[in-house]
Amino acid sequence: MSEEWEFPEDWEYAGGEPEKLLKVRVKCPNCGAQFEVEIGESWYSMGFSISCQKCGYSFPINMYGEVIGEVKKKK
């Protein structure tokens, strides 16, 4: 029996609560580059890994990022 993944961002379409989109300021632990990204709240909480935009080093966003706000959806 195959199991289909359900991602939090899909819940809104299934009648659930829409996922919050967070704006996060990140500092790369490898080269020190700072940049901002937008990521779903659940992905941030799970420690989703991102790559540095400068050096390509991969690291968990929740260990090296700071939430600076919530992105409001455009209607």
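About the cut-offs
- Residues numbered from 1 in each chain as written.
- Predicted model: local features only at pLDDT ≥ 70, side-chain atom pairs only at ≥ 80, totals over all residues.
- Heavy atoms only, no water.
- Helix = DSSP H or I, 4+ residues; strand = E, 2+ residues; numbered from the N terminus.
- Buried < 20%, exposed > 50% of the residue type's maximum accessible area, 1.4 Å probe, protein only.
- Contact = heavy atoms within 4.5 Å.
- Areas by Shrake-Rupley, 256 points an atom, 1.4 Å probe, with all protein chains shown as cover.
- Pairing = 2+ DSSP bridges.
- Axes fitted to C-alpha atoms, helices over the stretch in contact; angles between N-to-C directions.
- Phe/Tyr/Trp six-rings, centres within 6.5 Å; stacked < 30°, edge-to-face > 60°.

A few points about the overall build of the protein
Argument step 1. On a plain count of helices and strands, the protein comes out with two helices and five strands.
Argument step 2. Reading the helices (α) and strands (β) of the protein from amino to carboxyl end gives β-β-α-β-β-α-β.
Argument step 3. When each of the 75 residues of the protein is scored for burial, the buried share is 27%.
Argument step 4. The long-range fraction of contacts in the protein, counting pairs at least 24 apart against all pairs at least 6 apart in sequence, stands at 42%.
Argument step 5. Accessible area for the protein stands at about 5,800 Å²; split by element, carbon and sulfur atoms hold 50% of it.

Topic: the sheet that holds strand β5 (residues 65-71)
Argument step 1. Sheet architecture is open: three strands sit in the order β2-β1-β5, paired in antiparallel fashion. Edge positions in the sheet fall to β2 (34-40) and β5, since each has one partner strand and no second. Across this sheet, the average inter-strand angle for adjacent strands is 30°, counted without regard to direction.
Argument step 2. As paired strands, strand β1 (residues 21-27) and β2 are joined by seven bridges and run antiparallel to one another.

Structural notes on the packing of aromatic side chains
Note on aromatic pairs: each is described by the distance of the centres and the angle between the planes.
Argument step 1. In the structure shown here, the tally under the stated rule is three aromatic pairs.
Argument step 2. A ring pair is formed by tyrosine 57 and phenylalanine 59, whose centres lie 6.3 Å apart and whose planes are at 20°; its orientation type is stacked.
Argument step 3. A relative accessible area of 2% places phenylalanine 59 in the buried class.
Argument step 4. On the numbers, 5.6 Å between centres and 90° between planes, the contact of phenylalanine 59 with tyrosine 64 is edge-to-face.
Argument step 5. Put simply, the rings of Tyr57, Phe59 and Tyr64 pair up and form one aromatic cluster.

That is the geometry; function is a separate question.
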